[in-house]
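Close look at the chain arrangement
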Amino acid sequence: MSRTKTRFAFVCQSCGFRSPKWLGRCPGCEEWNTFAEESERVISGGSSARPAVPYPEIEDLSLSRIDSGIGELNRVLGGGIVPGSIILLGGEPGIGKSTLVLQAAEELSRQGLQVLYLAGEESAQQIKIRGDRLGLAGKHLFLASETCLERFLEEAQKIRPNLLVIDSIQTVYTESLDSIAGSISQVRECAARLLRFAKGERVPAFLVGHITKDGALAGPKALEHIVDTVLYFEGERHQNHKIVRAVKNRFGPANELGIFEMTGQGLKEVDSPSQLFLTERAPQAPGSAVVGAIEGSRPMLVEVQALVSQSNYITARRESNGFDRNRLSLLLAMLERRAGLHLLGTDVYVNVAGGLALSEPAVDLAVVAAVVSSFRNQPLSAKTVLFGEVGLAGEIRAVSLAVTRIREALAMGFKSVVLPANNLPLAEGVPKVELVGMSSVLDFMEWAG
Ligand SMILES: Nc1ncnc2c1ncn2[C@@H]1O[C@H](COP(=O)(O)OP(=O)(O)OP(=O)(O)O)[C@@H](O)[C@H]1O
Ligand SMILES: [Mg+2]
Ligand SMILES: [Zn+2]
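The structure presented is a predicted model; accordingly, all values stated were derived computationally and were not measured. Sequence order sets the numbering: in each chain, residues are counted from 1 along the sequence as written. Lettering of chains starts at A and numbering of ligands starts at 1, both following the order in which they are written. This being a predicted model, a pLDDT of at least 70 is required before a residue's local features are given, and a value of 80 or more before pairs of side-chain atoms are given or counted; all residues contribute to the totals for chains, interfaces and linings. To obtain the side-chain values, all non-hydrogen atoms of the structure were used and water was disregarded.

With that out of the way, let us pick up the coordination of the zinc ion (ligand 3). Any two of four tetrahedral donors ideally make an angle of 109.5 degrees at the metal, while pairs among six octahedral donors ideally make 90 or 180 degrees. Coordinating donors are taken to be N, O and S atoms lying within 2.8 Å of the metal, or within 3.2 Å when the metal is Na, K or Ca; because water is excluded from the atom set, some sites may appear incomplete. Distances from the zinc ion (ligand 3) to its protein donors, C12 (SG), C15 (SG), C26 (SG) and C29 (SG), fall at 2.3 to 2.4 Å. Each label reflects the angles at the metal, where four donors whose angles all fall between 85 and 135 degrees are tetrahedral, four or six donors whose opposite pairs open beyond 155 degrees and whose other angles stay between 65 and 115 are square planar or octahedral respectively, and the rest are irregular. Geometry at the zinc ion (ligand 3) is tetrahedral, judged from its 4 donor atoms and the angles of 105 to 112 degrees they form at the metal. Read in sequence order, the donor residues for the zinc ion (ligand 3) give the motif C-x2-C-x10-C-x2-C. Taken together, the positions of C12 in strand 1 (residues 3–12) and C26 in the loop between strand 2 (18–19) and strand 3 (35–44) put the pair 14 residues apart, joining distant regions of the chain. Each member of the pair, C12 as well as C26, carries the same accessibility label: buried. Only DSSP runs of H or I reaching four residues or more are called helices, and only runs of E reaching two or more are called strands; each is numbered from the N terminus. Throughout this description, buried means an accessible area under 20% of the type-specific maximum (1.4 Å probe, protein chains only), exposed means over 50%, and partly exposed covers the range between.

In structure tokens:
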């Protein structure tokens with residue numbers, strides 16, 4: 001038994017908020033002019049109840065992960081592709097989404113696994129041109145130029161692939177809705193159906209989604225809660241290396257990073273992130289500090305830059321790339337009050353080199369160091385790594401994984417590490433590196449001279 005009825009609603013194209021009438025401003029996300037009318041035919045009924053399953057009989061699918069053949073991709077996925085899982089891969093146009101999924105598809109194909117690839121963005125011929133450049137054999141790779149979800153899933157029923165790729169989720173549509181492909185209702189409904197299909201058939205699926213920097217055209221954002229894993233390409237499109245971050249993962253740690261380099265033959269894994277993030281560093285420049293950061297499960301040394309200059313604006317500017325701007329304002333206010341640094345009439349710019357976004361508190365001390373160094377126009381010692389959380393009283397607080405950070409500094413040839421005094425007891429005994437424990441920013445000001 002199934003019934004069909006048609007409903008009309010206005011839907012915010014940014015966050016999916018629904019309203020029976022048009023609204024100028026969305027109550028959900030507070031964006032202006034995001035409402036569009038979408039009609040949908042709702043087909044209900046037809047399915048029968050599924051019996052509940054005794055807990056011990058539930059299969060642990062994460063035990064049978066599929067090796068994607070790409071180490072950095074396995075890493076962000078938490079160890080490989082979990083059968084039946086839905087993975088959203090988002091990023092700006094041209095950043096490398098199709099390249100990454102094609103390379104993974106090829107690796108599966110080499111293992112004799114079948115991949116069904118929905119090519120909604122490009123023609124099969126265009127994909128072939130890229131595939132030739134990437135050196136794809138594609139023995140078990142099937143391309144479908146079908147953007148109707150129902151027909152694509154029929155094809156999937158026939159081929160019974162080991163992996164589905166939907167490139168992109170904004171180009172598919174389900175016949176059960178009248179709204180156009182790419183509208184938020186379509187994107188959501190298609191994702192929900194793919195999810196049911198994936199779970200039912202135990203076939204994993206990559207959903208490729210476009211996302212712009214400011215999150216406008218935020219179809220993929222609205223999918224985050226539906227899918228199992230969310231991977232985003234981070235950073236700038238024009239830089240050569242590409243960073244993929246697991247923003248959410250039901251089958252592994254969130255925040256894990258995969259780092260690649262874009263080459264003529266496609267994405268290559270980067271073995272040493274620290275080396276990558278320090279290559280273009282100008283060690284003698286004032287305002288440059290190296291932080292011993294932990295991103296995901298991995299330590300990496302990253303350059304933090306600051307530029308402090310006399311302000312020509314009525315309100316001084318505080319800009320930040322890769323470090324939270326509110327956190328920066330807070331640290332600057334702290335420096336003003338606790339360390340007597342006169343920053344009120346100055347513009348302060350902070351930049352994390354390499355397009356990485358650093359969010360752990362351990363980065364604070366390096367930001368403070370870079371700002372102080374630029375303010376005094378005095379470079380920090382080039383062979384020093386810093387880490388530590390800085391509190392509002394100017395106190396330097398202990399952080400996790402100190403020894404891991406120190407070992408990375410050592411491995412990269414650094415001579416000294418500035419760290420929270422409270423981390424010292426655990427860290428002592430690490431050979432060949434000078435450890436400088438500090439308990440307040442005043443200690444740092446004095447040490448930096
Ligand atoms: N011959 C080449 N050598 C090196 N890099 C290349 C070459 N051809 C293309 N690229 C890079 O690959 C990128 C395209 O990647 P890809 O098509 O995978 O991105 P995408 O995220 O799928 O983009 P879209 O949003 O357009 O689908 C381009 O930005 C370009 O920098
Ligand atoms: Mg693409
Ligand atoms: Zn909204």
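All right, on to the environment of R317 then. With respect to the element layout, R317 can be found in the loop between strand 14 (298–310) and strand 15 (318–321). Residues R317 and P379 lie 62 residues apart in sequence; the distance between their C-alpha atoms is 23 Å. Residues within four places of R317 in sequence aside, it is in contact with T346, D347, V348 and Y349. Within the local environment of R317, its side chain forms a polar contact with the side chain of E319, the two groups lying 3.3 Å apart. Every residue pair with non-hydrogen atoms within 4.5 Å of one another is taken to be in contact. Pairs of N or O atoms within 3.5 Å make up the polar contacts considered here, provided that, within protein, one atom can donate a hydrogen while the other can accept it, and that residues adjacent in sequence are counted only when both atoms are side-chain atoms.

Among the 14 residues in the neighbourhood of ligand 1, the closest are listed as G94, S98, T99, R130 and H210. For accessible areas, the Shrake-Rupley method is used with a probe of radius 1.4 Å. Any residue's cover is judged against the shown protein chains and nothing else. Burial of ligand 1 by the protein amounts to 65% of the accessible area it has alone, namely 640 Å². If you list the elements that add at least two residues to the shell around ligand 1, you get helix 2 (97–110), helix 3 (124–134) and strand 11 (257–263). With 3 residues, helix 2 is the largest single contributor of residues to the shell around ligand 1. Residues are classed as near a molecule or strand on a simple rule: at least one heavy atom within 4 Å of it.

Further remarks concern the domain arrangement of the chain. Start and end points for every domain follow an automatic or database-based domain assignment. For the chain, the assigned domains read domain 1 (3–44), domain 2 (64–271) and domain 3 (276–448). On a C-alpha basis, the centres of domain 1 and domain 2 stand 27 Å from each other. Facing the 12 residues of domain 1 at the interface are 10 residues of domain 2. The contact between domain 1 and domain 2 buries some 910 Å² in all, and 40% of this surface belongs to carbon and sulfur atoms. We define a salt bridge as a contact between a side-chain nitrogen of Lys or Arg and a carboxyl oxygen of Asp or Glu at a distance within 4 Å. Summed over the shared surface of domain 1 and domain 2, the number is 0 salt bridges. Across the contact surface, domain 1 and domain 2 share 2 residue pairs in polar contact (both at pLDDT 80 or more). Of all elements in the fold, only strand 1 and strand 3 reach the threshold of two or more residues within the side of domain 1 that touches domain 2. When residues in the side of domain 1 that touches domain 2 are grouped by element, the largest group, 5 residues, is from strand 3. Once two parts are joined, some of their accessible surface, as seen by a 1.4 Å probe, is lost; buried area is that loss totalled over both.

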